[in-house]
Amino acid sequence: DIQMTQSPPILSASVGDRVTITCRAGQSISSSLAWYQQKPGKAPNLLIYGASTLESGVPSRFSGSGSGTEFTLTISSLQPDDFATYYCQHYNSYPWTFGQGTKVEIK
Amino acid sequence: QVQLVQSGAEVKKPGASVKVSCKASGYTFNTYYITWVRQAPGQGLEWMGWISTNSGDTNYAQNLQGRVTMTTDTSTSTAYMELRSLKSDDTAVYYCGRVPFWTGYYVLDYWGQGTLVTVSS
């Protein structure tokens, strides 16, 4: 199984901050990576797929980059609605696996 | 609009089985895979497997092989996930999700609201 490791586990930030979350794969997954946002008590919501393609309807302040084993999710200017937990997911091979999550909290 | 509506919460005893449903609407059911993902309380996300709504082919996570069965009823646009021989660590919220497999992007672009399954004696 390919292990996905996210950092940091918790990120404290303020509205307007630029925020970056990292996801590292245990082996190369090309660009087969997605990012999701999850709020408490809700299902996750797809933000980015193919490592860098923004899902329709997702604000442009979200962006993704990377390939191979290292990937980043960036929020260019953190908004109140963005305080949530973020997960990466690879789909390069089976089983698909998720990172353990990064909780973005209010500083 | 696309919707995936799941069945309600369940409480089961260890050793029992549970069957969760996921009714799709707002799109052509047999043109997307359905994937199941679970989340134990306070934990991360675990992929359980997918089913092709067109062919019925399945691909299950190895750690659940032999205990999980995914099926569909195309006449009602409903997918089902049955988990048998339940253990306490199967307690989780179970989500279904739609996968646009033909794009090559095996991601969940729409999710159900989740079904809490509690396993307790």
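Each remark here, short or long, concerns the structure printed above.
To start, this report covers the structure provided alongside it. None of these values were measured; they are calculated from a predicted model.

The rules behind these values
All residue numbers refer to position in the chain's written sequence, counted from 1. Chains carry letters from A onward and ligands carry numbers from 1 onward, assigned in written order. Restriction of local features to residues with pLDDT of at least 70 applies here, the model being predicted, together with a cutoff of 80 or more for giving and counting side-chain atom pairs; totals for whole chains, interfaces and linings are based on all residues. Side-chain figures throughout are based on the complete set of non-hydrogen atoms in the structure, without hydrogens or water. Two residues form a contact once any of their heavy atoms are found within 4.5 Å. Buried area: the accessible surface (1.4 Å probe) lost by two parts on joining, summed over both. When a carboxyl oxygen of Asp or Glu is within 4 Å of a side-chain nitrogen of Lys or Arg, the pair counts as a salt bridge. Distance and chemistry together define a polar contact, namely a pair of N or O atoms within 3.5 Å, with one atom able to donate a hydrogen and the other to accept it when in protein, and with adjacent residues in sequence counting only for side-chain atoms on both sides. Strands here are runs of E lasting at least two residues and helices are runs of H or I lasting at least four, both read from the DSSP assignment and numbered beginning at the N terminus. Gly is put with the polar residues, along with every residue not named as nonpolar or charged; the nonpolar set is Ala, Val, Leu, Ile, Met, Phe, Trp, Tyr, Cys and Pro, and the charged set is Asp, Glu, Lys and Arg. A pair of sulfur atoms, both from cysteines and within 2.5 Å, is called a disulfide here. Three labels apply to residues, based on accessible area from a 1.4 Å probe with only protein chains included: buried if under 20% of the type maximum, exposed if over 50%, partly exposed otherwise in between.

**What to know about the interface of chain B and chain A**
Contacts between the two partners involve 20 residues from chain B and, on the opposite side, 17 residues from chain A. A buried area of about 1600 Å², summed over both sides, lies between chain B and chain A, and 69% of it is on carbon and sulfur atoms. A per-residue breakdown of the area chain B buries against chain A is headed by Leu45(B), Trp47(B) and Tyr106(B), which together make up 35% of the total. Across the contact surface, chain B and chain A share zero salt bridges. Along the contact surface separating chain B from chain A lie seven residue pairs in polar contact (both at pLDDT 80 or more). At the level of elements, β4 (33–39), β5 (45–52) and β9 (92–99) of chain B are the ones that each hand at least two residues to the side of chain B that touches chain A. The residue inventory of the side of chain B that touches chain A, partitioned by class, reads eleven nonpolar, seven polar and two charged.

**Digging into the state of the cysteines**
Across all of its chains, the model carries two disulfides over all chains by this definition. Between the sulfur of Cys23(A) and that of Cys88(A) lies a disulfide, 2.1 Å long from S to S. Torsion about the S-S bond of the Cys23(A) and Cys88(A) cystine: about 70°, corresponding to right-handed handedness. In this pair, Cys23(A) sits in strand β3 (residues 19–25) while Cys88(A) sits in strand β9 (residues 85–90), placing the two residues 65 residues apart along the sequence. Judged on exposure class, the residue Cys23(A) and its partner Cys88(A) are both buried. With a sulfur-sulfur separation of 2.0 Å, Cys22(B) is cross-linked through a disulfide to Cys96(B). Given an S-S torsion of about 75°, the disulfide between Cys22(B) and Cys96(B) has right-handed geometry. Taken together, the positions of Cys22(B) in strand β3 (residues 18–25) and Cys96(B) in strand β9 put the pair 74 residues apart, joining distant regions of the chain. By the burial criterion, Cys22(B) is buried, and Cys96(B) matches it.

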